[in-house]
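Here is how the chains run, residue by residue.
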Amino acid sequence: MKLTEIKEILNADVITGDSHLGDEFEEVCSADLMSDVLAFATPGTILLTGLTNVQSVITAHVAEVGAVVYIRGKRPDEDAIKLAMQKNLPLLASPLTMFEACGRLYKQGLKSGSSTAK
Amino acid sequence: MEDGVLFFQEFSIMGKDFSNAGSVSTEIKSILKEIGFDPVIVRRAAIAAYEAEMNVVMYADRGVVRLRVTPDKISIELEDEGQGIEDIELAMQEGYSTATPEMREMGFGAGMGLPNIKRNSDHFEITSQPGRGTKLNIVIKAR
């Protein structure tokens, strides 16, 4: 599914990374704990998170997350946006709760972008 | 330079410097990517380095990271000065943590760091002197 469709489903707006709206995504993971992202996220997944500081972007970059969507109406801080622009990582913001955001994307056929299997 | 060493660099990390936390690992990631390692290997090394760097920022006063790359392996050595770890076996358990609320606000400190480093390494060694500091030796095979 294209990022632009995901944006519509989540009523999200793009904070940075308009050029990525045509990128295809199949997987989504959700976490507020960055160590869990580092441990369990699969490369290329979308990350839904409520953590808005720069660590969310560093984690996404290190774990090869393809796009970050901040939920619950949260906006990332300035440092996070600056680094995302530098690393060419798209950031979106959605007013939905984590549960609602995950539910909508799951219903549309997106798969889990995290795995606890070793 | 030693035989077969493609790259060597030493980085320093300041404890409690939360605003720069992660900068060493992102640099390590760029270096490894540029050398041309397989993306899977680069990702594993970057994750291990990042968790280790966060540990130094969160718990130590200061630390150094030595990145040594040969055609066969990526070696990341961390040495910090700080409180050290009293019980390494306990610290290695998933979920065990001594993190403060400030660390948790950053999305860390849930007791996943050391297990995460081990999971992404082919060789992992940790030694610590309580009250002095901790040493980590992380090796990721390049092929």
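Everything here concerns the structure above.
Presented here is a report on the structure given in the accompanying data block. (Residues numbered from 1 in each chain as written. Chains lettered and ligands numbered in written order. Predicted model: local features only at pLDDT ≥ 70, side-chain atom pairs only at ≥ 80, totals over all residues. Heavy atoms only, no water.)

Relative orientation of the contacting elements helix 3 (residues 54-62) of chain A and helix 2 (residues 39-59) of chain B amounts to 150 degrees, with a least axis distance of 9 Å. When the axis of helix 3 of chain A is compared with that of helix 2 of chain B, the two are roughly antiparallel. Contacts from Gln 55, Ile 58, Thr 59 and Val 62 of chain A of helix 3 of chain A reach helix 2 of chain B at Arg 43, Ala 46, Ile 47, Tyr 50 and Met 54 of chain B. Split into classes, the residues belonging to the contact of helix 3 of chain A with helix 2 of chain B amount to six nonpolar, two polar and one charged. (Axes fitted to C-alpha atoms, helices over the stretch in contact; angles between N-to-C directions. Helix = DSSP H or I, 4+ residues; strand = E, 2+ residues; numbered from the N terminus. Parallel < 35°, antiparallel > 145°, perpendicular 65-115°, else oblique. Contact = heavy atoms within 4.5 Å. Nonpolar A, V, L, I, M, F, W, Y, C, P; charged D, E, K, R; others polar.)

With 21 residues, helix 2 of chain B should cover 30 Å at 1.5 Å per step; its first-to-last C-alpha distance of 30 Å lies within 8% of that length. The N-cap of helix 2 of chain B, judged by a side-chain oxygen 2.8 Å from the amide nitrogen of Val 40 of chain B a few residues on, is Asp 38 of chain B. (Expected span 1.5 Å × (residues − 1). Polar contact = N/O pair within 3.5 Å; in protein donor to acceptor, adjacent residues only side chain to side chain.)

We now examine the sheet that holds strand 6 (residues 111-112) of chain A. Two orientations exist for strands paired in a sheet by backbone hydrogen bonds: parallel and antiparallel. Residues and elements named next belong to chain A. Read across the open sheet, the six strands follow the order 1-5-4-3-2-6; overall the sheet is mixed. Each end of this open sheet is capped by a strand with a single partner; those strands are strand 1 (13-16) and strand 6. Bridge analysis of strand 4 (residues 67-70) against strand 5 (residues 91-93) gives three bridges, and the strand direction is parallel. Among the inter-strand pairings, Val 68 is bridged to a residue of strand 5, identified as Leu 91. Along the sheet face, helix 5 (residues 98-107) touches strand 2 (27-30) and strand 3 (46-49) and points at about 155 degrees away from the line of strand 3. (Pairing = 2+ DSSP bridges.)

Next up on the list: the sheet that holds strand 2 (residues 60-69) of chain B. All names here are of chain B. The strand order 1-2-3-5-4 describes an open sheet built from five strands, whose pairing is antiparallel. On the outer flanks of this sheet lie strand 1 (7-14) and strand 4 (123-129), each paired with one strand and no other. Geometrically, the sheet is characterised by an average inter-axis angle of 10 degrees between neighbouring strands, direction not taken into account.

A separate point is the environment of Ser 30 of chain A. All names here are of chain A. Structurally, Ser 30 is set in strand 2. Residues Ser 30 and Val 69 lie 39 residues apart in sequence; the distance between their C-alpha atoms is 9.3 Å. Not counting residues within four places of it along the chain, the set of residues in contact with Ser 30 comprises Leu 48, Met 98 and Cys 102.

Right, let's talk about the nonpolar core for a bit. Most often, soluble globular proteins have nonpolar side chains that are buried together. Leu 32, Leu 67, Ile 74, Ile 76, Leu 78, Leu 136 and Ile 138 of chain B are the most contacted members of the largest nonpolar core, which has 67 residues in total. At 14 residues, helix 2 of chain B tops the list of elements feeding residues into this core. Grouped together as the second largest cluster of nonpolar side chains are 19 residues, Ala 12, Val 69, Ala 101 and Leu 110 of chain A included. (Core = buried A, V, L, I, M, F, W, Y, C linked by side-chain atoms within 4.5 Å. Buried < 20%, exposed > 50% of the residue type's maximum accessible area, 1.4 Å probe, protein only.)

Moving on to the packing of aromatic side chains. Residues and elements named next belong to chain B. Applying the stated criterion across every chain, the model contains one aromatic pair over all chains. Here the aromatic rings of Tyr 50 and Phe 108 are separated by 5.5 Å at their centres, their planes lie at 85 degrees, and the arrangement is edge-to-face. Within this pair, whereas Tyr 50 is found in helix 2, its partner Phe 108 is found in the loop between helix 4 (101-105) and helix 5 (113-119), the two being separated by 58 residues in sequence. With respect to class, Tyr 50 is no different from Phe 108; both count as buried. (Phe/Tyr/Trp six-rings, centres within 6.5 Å; stacked < 30°, edge-to-face > 60°.)

For the rest of this paragraph, the subject is unusual backbone geometry. Residue and element names in this part refer to chain A. Here the phi dihedral of Asn 11 falls at roughly 50 degrees; this positive angle occurs in a residue that is not glycine. Inspection of the secondary structure assignment puts Asn 11 in the loop between helix 1 (3-9) and strand 1. Its relative accessible area of 45% is what places Asn 11 among the partly exposed residues.

This next bit is on the environment of Met 34 of chain A. Topologically, Met 34 of chain A is positioned in helix 2 (residues 34-40). Separated by 59 residues in the primary sequence, Met 34 of chain A and Ala 93 of chain A have C-alpha atoms spaced 18 Å apart. Those residues within four positions of Met 34 of chain A in sequence are excluded, and the remaining contacts are Thr 49, Leu 51, Gln 55, Ser 56 and Thr 59 of chain A together with Met 106, Gly 107 and Phe 108 of chain B.

Attention now goes to the pattern of salt bridges. Applying the stated criterion across every chain, the model contains 12 salt bridges over all chains. The partner of Asp 32 of chain A in a salt bridge is Arg 72 of chain A, and the shortest N-O contact between them spans 3.1 Å. Of the two residues, Asp 32 of chain A sits in the loop between strand 2 and helix 2 while Arg 72 of chain A sits in the loop between strand 4 and helix 4 (78-86), which places them 40 residues apart along the sequence. Looking at Asp 32 of chain A, the relative accessible area reads 34%, which means it is partly exposed. Between Glu 79 of chain B and Arg 66 of chain B there is a salt bridge, with the nearest N and O atoms lying 3.3 Å from each other. Placement of the pair is Glu 79 of chain B in strand 3 (residues 73-82) and Arg 66 of chain B in strand 2, with a sequence separation of 13 residues. We classify Arg 66 of chain B as buried; its relative accessible area is 17%. (Salt bridge = Lys/Arg side-chain N within 4 Å of Asp/Glu carboxyl O.)

Geometric values such as these leave the question of function open.
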